[in-house]
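# Tertiary structure, described
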Amino acid sequence: LSLSLSLFLFLYSDDFTCKDNDGKVVLRSEGKVWSAGSDVKGYDAETGEFLFHLEEIFFRVTKTYLLKDKMGRVVCTIRQKVFSFSPDIKVFSGAAEFDWRGRTANPILFKIDGDFFEWQFKVRNARGELVAFSDEKLRVTTFFGSNHYAVKIAPGMDVSLIAALMIACDCAVNDAN
């Protein structure tokens, strides 16, 4: 499955749409630019059903996000590696708490690495298997502040989960710049 993400950042909102191989919008999300930190909610584009809430956690050494399901339960914690010169994002099970060295008892679900500025990255599960990747940036539009890129997703993967991870990566990279 290929997923095309269109991320529109325009003055008052931080909105995203995700399209399938046929160009049909399958997921949309709404965020707030003028809020403190990233706060994005994802919805099924066809039914309007709420799917996830991506929330930035403040007062952390590095960018950290919680991904919550429709019941408000924390599914995973998304965190950039502390003091790294290369993009290195890890996704931990549940609401992970970290010690001063950045360690946690929560197991790693996914590792995301690559060149995020060119949107060439790989998502691997805890066994090291490739579950999603992007190897080309389709288009960058700077006038309205939008990014467009394609993500290839392995069969059987939860598309909304991968989309939420990519939105978190985009937020982390764009906030750093």
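Residues numbered from 1 in each chain as written. Predicted model: local features only at pLDDT ≥ 70, side-chain atom pairs only at ≥ 80, totals over all residues. Heavy atoms only, no water.

## Focus on the nonpolar core
Operational definition: Note on terminology: a nonpolar core comprises buried Ala, Val, Leu, Ile, Met, Phe, Trp, Tyr and Cys residues joined through side-chain atoms within 4.5 Å. When a residue's accessible area, from a 1.4 Å probe over protein chains only, is under 20% of the maximum for its type it is buried; when over 50% it is exposed; and in between it is partly exposed. In this description a helix means any DSSP run of H or I spanning at least four residues, a strand means any run of E spanning at least two, and both kinds are numbered starting from the N terminus. Any two residues whose heavy atoms approach within 4.5 Å at even a single point are treated as in contact.
Counting 33 residues, the largest nonpolar core has Ile78, Ile112, Leu165 and Met166 as the members making the most contacts within it. With eleven residues, the single largest contributor to this core is helix H1 (residues 159-176). If we ignore the near neighbours within four places in the chain, the residues touching isoleucine 78 are Leu54, Lys63, Thr64, Tyr65, Leu67, Ile89, Lys90, Val91, Leu165 and Ala168.

## Brief notes about the confidence of the model for the protein chain
Which entries qualify depends on this criterion: Per residue, pLDDT captures the predictor's confidence, and it can take any value from 0 to 100.
A residue-level look at the protein chain finds 72% of positions with pLDDT of 70 or above and a mean pLDDT of 78. The element-level mean pLDDT for the protein chain is lowest in strand E12 (residues 137-141), coming to 48, with strand E7 (residues 74-80) highest at 94. Taken together, the stretch residues 7-13 has pLDDT below 50 and engages in 27 contacts with residues farther than four places along the chain or on a different chain. Across residues 138-143 the pLDDT falls below 50, and counting only partners more than four positions away or on other chains, this stretch makes ten contacts in the model.

## Concerning the environment of lysine 19
In this fold, lysine 19 is placed in strand E2 (residues 13-19). Judged by relative accessible area, lysine 19 falls into the partly exposed class, the value being 30%. Separated by 131 residues in the primary sequence, lysine 19 and alanine 150 place their C-alpha atoms 9.2 Å from one another.

## A closer look at the pairing of E7
Stated formally: Note: two strands are recorded as paired if DSSP finds a minimum of 2 bridges between them.
Relative to E7, strand E6 (residues 64-68) runs antiparallel, the two sharing five bridges. Its bridge partner lying in E7, leucine 67 is registered against cysteine 76. Between the end of E6 and the start of E7, which pair antiparallel, lie five residues, with glycine 72 showing a positive phi angle near 85 degrees. Relative to strand E8 (residues 88-93), E7 runs antiparallel, the two sharing five bridges. Within the sheet, the bridge partner assigned to isoleucine 78 lies in E8 and is valine 91.

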